[in-house]
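These are the residues of each chain, in order.
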Amino acid sequence: MTAVTAPAAPRNASRPLPTVPVPLGRLAGVELRKIFDTRSGLWLAVSVAVVAVGSAALLVALESPESFSYQFFVHSVDYPVHLLMPMLGVLAVTSEWSQRGALTTFALVPRRGRVLAAKALPLAGVAVATMLLTFACGVVATLVGAATGGVDAVWDMSLDEHLRMLVFSLLSMAVGFVAGVVLRSSPAALVTYLLFVLVVPSLSSALAASLDWYRDAGPWVELTSAQYELYGDVMTAEQWAQLGTASLLWLVLPFVLGVRRLLRVEIR
């Protein structure tokens, strides 16, 4: 009688499943590609570059040569660029949910906190790169404006001002990123971001004009106005404290609550 033998076990059956997490650098590289892989992300990035170069060119062509200076060009180019750039932060988070990519992402990388960190790192790099593009446009516009306008090139920004504008860029990106983490819906997060940077400062100014108590309290709670103090020639200790308090209220606290909810929510 022939003995019945059990089927051979797979060669890798005894091997334990890998427990080493995916390196954060690799995750960040994947998230960086995902920012520009979608049509919305790609065209938004292209729009930021076009707006930066186009704004500098228009300023050289239309403004009086007497107003030309490096600071004038950098500040003028920076506003429209940093109105658009944080939308990349919104889409980097919300696209996972609107396109149901979170099902795949969190299945491959169950540690959701690492995924959020991997999204934040390339966005910080994009914010710095955007600011460097603004500086480059300012340099070129200053040189071209001086050559075509018959004036001397004026270089009127210190290293401290450059560093503060990098902080400004990172905070702007953080606003979009936090809006995406909290709301996880592209339309809702984009509308909230635009209301926050365009409408809330006007409301805050109106309240400050009509309410004496808010005139003193406003700079401590209104982030956009506190953020624009970074544009000044110097920043006082009180202005840094106001920026920190407003950032704690509008960035840190919502981010903590949004992450707490995201770590627990059921993915569908």
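Scroll up to find the structure.
Residues numbered from 1 in each chain as written. Predicted model: local features only at pLDDT ≥ 70, side-chain atom pairs only at ≥ 80, totals over all residues. Heavy atoms only, no water.

In this model, helix 3 (residues 70-84) (15 residues) spans 22 Å end to end at C-alpha, consistent with the 21 Å of a helix rising 1.5 Å per residue. Where helix 3 bends most, at Asp78, the angle is about 30°, and the proline Pro80 comes one to four residues later. (Helix = DSSP H or I, 4+ residues; strand = E, 2+ residues; numbered from the N terminus. Expected span 1.5 Å × (residues − 1). Bend = angle between axes of the 7 residues up to and from the residue.)

Of note, Arg184 is a non-glycine position whose phi angle comes to about 55°, a positive value. By the secondary structure assignment, Arg184 is in the loop between helix 7 (159-183) and helix 8 (186-210). For Arg184, a relative accessible area of 13% translates into the label buried. (Buried < 20%, exposed > 50% of the residue type's maximum accessible area, 1.4 Å probe, protein only.)

It is worth spelling out the nonpolar core at this point. Most often, soluble globular proteins have nonpolar side chains that are buried together. Within the largest apolar cluster, 38 residues are counted, with the highest numbers of intra-cluster contacts made by Met165, Leu223 and Leu243. Within the residue set of this core, elements represented by two or more residues are helix 3, helix 4 (86-98), helix 6 (112-149), helix 7, helix 8, helix 10 (223-228) and helix 11 (237-264). The contact partners of Leu223, leaving out residues within four places of it in the chain, are Val175, Phe196, Leu243, Ala246, Ser247, Trp250 and Leu251. Ranked by size, the runner-up nonpolar core spans 11 residues in total, among them Val48, Val60, Val77 and Val81. (Core = buried A, V, L, I, M, F, W, Y, C linked by side-chain atoms within 4.5 Å. Contact = heavy atoms within 4.5 Å.)

So, about helix 11. For helix 11, which comprises 28 residues, the first-to-last C-alpha distance of 39 Å matches the rise-based estimate of 40 Å (1.5 Å per residue) to within 8%. Its axis deflected by about 40° at Leu248, helix 11 carries its strongest bend there. Three or more residues of helix 11 are buried, namely Gln239, Gln242, Leu243, Ala246, Ser247, Leu251, Gly258, Val259 and Leu262.

Right, let's get into the environment of Val144. Structurally, Val144 is set in helix 6. Between the C-alpha atom of Val144 and that of Val60, which follows or precedes it by 84 residues, the distance is 7.5 Å.

Taken as a whole and assessed by the stated rule, the structure comprises nine aromatic pairs. Seen from their ring centres, Tyr70 and Trp155 are 5.6 Å apart, and the 50° between their planes marks the pair as tilted. Pair noted here: Tyr70 is in helix 3 and Trp155 is in the loop between helix 6 and helix 7, with a separation of 85 residues, a long-range link. Given a relative accessible area of 47%, Trp155 falls into the partly exposed group. (Phe/Tyr/Trp six-rings, centres within 6.5 Å; stacked < 30°, edge-to-face > 60°.)

As a further point, take the environment of Ser69. Residue position: Ser69 is located in the loop between helix 2 (39-62) and helix 3. For the pair Ser69 and Asp156, spaced 87 residues apart in sequence, the C-alpha to C-alpha distance is 7.0 Å. In this structure, Ser69 is in contact with Thr142, Val154 and Asp156, ignoring residues within four places of it in sequence. Separated by 3.1 Å, the side chain of Ser69 and the backbone nitrogen of Phe72 make a polar contact. (Polar contact = N/O pair within 3.5 Å; in protein donor to acceptor, adjacent residues only side chain to side chain.)

We now examine the pattern of salt bridges. Enumeration over the complete set of coordinates arrives at four salt bridges. Here Asp212 ties to Arg215 by a salt bridge, and the two come within 2.8 Å at their closest N and O atoms. Here Asp212 and its partner Arg215 are both found in helix 9 (residues 212-221), three residues apart, which amounts to about one turn of the helix. Accessibility expressed as a relative area gives 55% for Asp212, which makes it exposed. Linked through salt bridges whose partners overlap, the residues forming this network are Glu31, Lys34 and Lys119. (Salt bridge = Lys/Arg side-chain N within 4 Å of Asp/Glu carboxyl O.)

So, about the packing of helix 2 against helix 6. Taken N-terminus to C-terminus, the directions of helix 2 and helix 6 make an angle of 20°; their axes are 9 Å apart at the nearest point. Comparing their axes, helix 6 and helix 2 come out roughly parallel. The handedness of the crossing between helix 2 and helix 6 comes out as right-handed. Contacts between helix 2 and helix 6 pair Val48, Ala49, Ala52, Val53, Ala56 and Val60 from the former with Thr130, Leu133, Cys137, Ala141, Val144, Gly145 and Thr148 from the latter. Residue classes in the contact of helix 2 with helix 6 are distributed as 10 nonpolar, three polar and no charged. (Axes fitted to C-alpha atoms, helices over the stretch in contact; angles between N-to-C directions. Parallel < 35°, antiparallel > 145°, perpendicular 65-115°, else oblique. Left-handed = near helix turned anticlockwise from the far one by under 90°. Nonpolar A, V, L, I, M, F, W, Y, C, P; charged D, E, K, R; others polar.)

Scope: geometric values only; no functional claims are made or implied.
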